[in-house]
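Below are the chains, spelled out letter by letter.
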Amino acid sequence: MAMTIHCDIVSAEEEIFSGRAKLIVANGIQGDLGVTYGHAPLLTSLEPGPVRIVMDSGEEQVYYVSGGYLEVQPNVVSILADTALRCLLYTSPSPRDRG
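What you are looking at is a predicted structure, and each value in this text was computed from that prediction instead of being measured.

(A) Region of the structure containing the overall build of the protein. The helix and strand tally for the protein stands at zero helices and ten strands. In sequence order, the protein lays out its α and β elements as β-β-β-β-β-β-β-β-β-β. Counting only residues that meet the buried cut, the protein has 35% of its 99 residues in that class. Taking the contacts inside the protein whose residues are at least 6 apart along the sequence as the reference set, 45% of them involve residues at least 24 apart. For the protein, the accessible area works out to roughly 6200 Å², and carbon and sulfur atoms hold 53% of it.

(B) Looking closely at a nonpolar patch on the surface. A cluster of nonpolar side chains, Leu43, Tyr69 and Leu80, forms an exposed patch at the surface whose accessible area comes to about 340 Å². Its location among the elements puts Tyr69 in strand β8 (residues 68–72). Judged by its relative accessible area of 47%, Tyr69 falls in the partly exposed class.

(C) Just the pairing of strand β1 (residues 5–10), in detail. The sheet contact formed by β1 and strand β2 (residues 15–21) spans six bridges and is antiparallel. Directly across from Val10, in β2, lies its bridge partner Glu15. Where β1 hands over to β2, the hairpin turn is made up of four residues, counted between the paired strands.

(D) View of the pattern of salt bridges. Per the stated rule, a full pass over the model turns up one salt bridge. Among the salt bridges present, the one from Arg52 reaches Glu60, with a minimum N-O distance of 3.0 Å. By relative accessible area, which is 33% here, Arg52 ends up partly exposed.

(E) Inspection of the environment of Leu43 at higher detail. Residue position: Leu43 is located in strand β5 (residues 42–46). A relative accessible area of 62% places Leu43 in the exposed class. As for Leu43 and Gly28, which are separated by 15 residues in sequence, their C-alpha atoms are 9.8 Å apart. In contact with Leu43, not counting residues within four places along its chain, are Leu70 and Glu71.

What counts and what doesn't
Residues numbered from 1 in each chain as written. Predicted model: local features only at pLDDT ≥ 70, side-chain atom pairs only at ≥ 80, totals over all residues. Heavy atoms only, no water. Helix = DSSP H or I, 4+ residues; strand = E, 2+ residues; numbered from the N terminus. Buried < 20%, exposed > 50% of the residue type's maximum accessible area, 1.4 Å probe, protein only. Contact = heavy atoms within 4.5 Å. Areas by Shrake-Rupley, 256 points an atom, 1.4 Å probe, with all protein chains shown as cover. Patch = residues over 30% accessible without salt bridge, like charges linked within 9 Å, V, L, I, M, F, W, Y side chains within 5 Å. Salt bridge = Lys/Arg side-chain N within 4 Å of Asp/Glu carboxyl O. Pairing = 2+ DSSP bridges.

Next up, the structure:
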């Protein structure tokens, strides 16, 4: 089992995500930022864009935030988003599946 960190994504309206993650990637004010277990404490502004969360199973969830803040503490990553939506990725069928 990989080492994981707890991640919360919240907006003013609701809690969007709460769970354990192997990797969190967000669009910080100075560029992309990846956070894993053991990352140094940090506070940064977020630019509008995707937040990728890789679960322990390897499953990836993507959320879109319109801006906000990301805080890294020893056991938890908190993302305080102005607004946030879960992205449901669509993959088109392959040519042979189209008939």
